[in-house]
Each structure stands twice: as C-alpha cells, then as structure tokens.
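Working through the structure, step by step
Each chain, letter by letter, is given below.
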Amino acid sequence: MTRNIWRQHAECEGVDPSIFFAERGANTRAPALAYCNKCSVQDSCLAEAVVIPDLTGIWGGKTFRERRRIRQSLKLSNEMPFDEVVIALRSRRSIGGLN
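Along each chain, residues carry numbers from 1 onward, in the same order as the chain's sequence is written. Local features are withheld for residues below a pLDDT of 70 in this predicted model, meaning they are given only at 70 or higher, and side-chain atom pairs are given and counted only at 80 or more; totals for whole chains, interfaces and linings count all residues. Side-chain metrics in this entry use all non-hydrogen atoms of the structure; hydrogen atoms and water are not considered.

Digging into the side chain of Gln42
Under the scheme used here, helices are H or I runs from DSSP no shorter than 4 residues and strands are E runs no shorter than 2 residues, and both carry numbers assigned from the N terminus. Residue placement: Gln42 occurs in helix H2 (residues 42-51). Relative accessibility thresholds used throughout: buried, under 20% of the residue-type maximum; exposed, over 50%; partly exposed, between the two (1.4 Å probe, protein chains only). You can call Gln42 buried: its relative accessible area is 13%. The contact criterion used is simple: two residues touch if any of their non-hydrogen atoms lie within 4.5 Å. Discounting chain neighbours no more than four positions away, the residues touching Gln42 are Cys36, Asn37, Gly60, Gly61 and Arg93.

Below, the structure written as structure tokens:
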C-alpha cells in the first residue's frame, strides 16, 4: 500500500485522535492499542512514523521511543522507499521482532 493511501483503511479513521497523543503523565497506550491491534494497515501506519521520525503519539501500535528503537534496529536509510519499509516491518513482525 502506498504512502498515505493506507489512512483511508485505518481502523482509527474518524476516531478522536487525542487517544493516540498522551498529555504529559497520562497513559493512552491501552485505548490506542484497542484500535491498532485490530487494524489491517498497522504496518503501513508504523512505517509512516518510522520514516518521519519526529511524529509523536502512538502510530502502528508503537510509542515514539519504541519506533526509535525499531528505526535503529532496521538501519533504515533516508532514501529507502516507503513500500520497502513496510516490507521490512512485516518481516520483523513475522519473526516476533516488533514486540
């Protein structure tokens, strides 16, 4: 799925976005994961946030810090096409490496 097209298929489409963005000291992870874990485009969402490293909030079921670790472990180049990032994330998820 190409970049940004995935959004129209997201489980969270039309949901109040505030559940994905915690106020300082608040925990939004559980409500956000209720959407992320059943979403058919979770890997594309996560890829979006991995290739745009300054995005805050929960994306693809991962926090900013978790995405930073994923980005570092995948050793992504800035020129890597979006679809290749999605494939790398799916591959990592299939072997249990995104937990």
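So, the nonpolar core
Within the largest apolar cluster, 17 residues are counted, with the highest numbers of intra-cluster contacts made by Trp6, Leu46, Ala47, Ile70 and Leu89. Breaking this core down by element, the ones donating at least two residues are H2, helix H3 (64-74) and helix H4 (82-94). Considering every element that reaches this core, the biggest residue donor is H2, with 5 residues. Residues belong to one nonpolar core when they are buried, are Ala, Val, Leu, Ile, Met, Phe, Trp, Tyr or Cys, and are joined through side-chain atoms within 4.5 Å. With 5 residues, the next largest nonpolar core counts Ala32, Leu33, Cys36 and Ile58 among its residues.

Section: H2
Counting buried positions along H2 gives 9 out of 10 residues, so the element sits mostly inside the fold. Within the sequence span of H2, burial applies to Gln42, Asp43, Ser44, Cys45, Leu46, Ala47, Glu48, Ala49 and Val50.

Quick look at the pattern of salt bridges
Pairing between side chains becomes possible if they bear opposite charge and their charged atoms approach one another. Salt bridges are defined by distance alone: a side-chain nitrogen of Lys or Arg within 4 Å of a carboxyl oxygen of Asp or Glu. One pass over the structure, following the stated rule, counts 3 salt bridges. For Arg7, the salt bridge identified is with Glu48, shortest N-O distance 3.6 Å. Here Arg7, found in the segment before helix H1 (29-36), pairs with Glu48, found in helix H2; they are 41 residues apart in sequence, far enough to count as distant. Classification of Arg7 as partly exposed rests on a relative accessible area of 34%. A relative accessible area of 3% means that Glu48 is categorised as buried.

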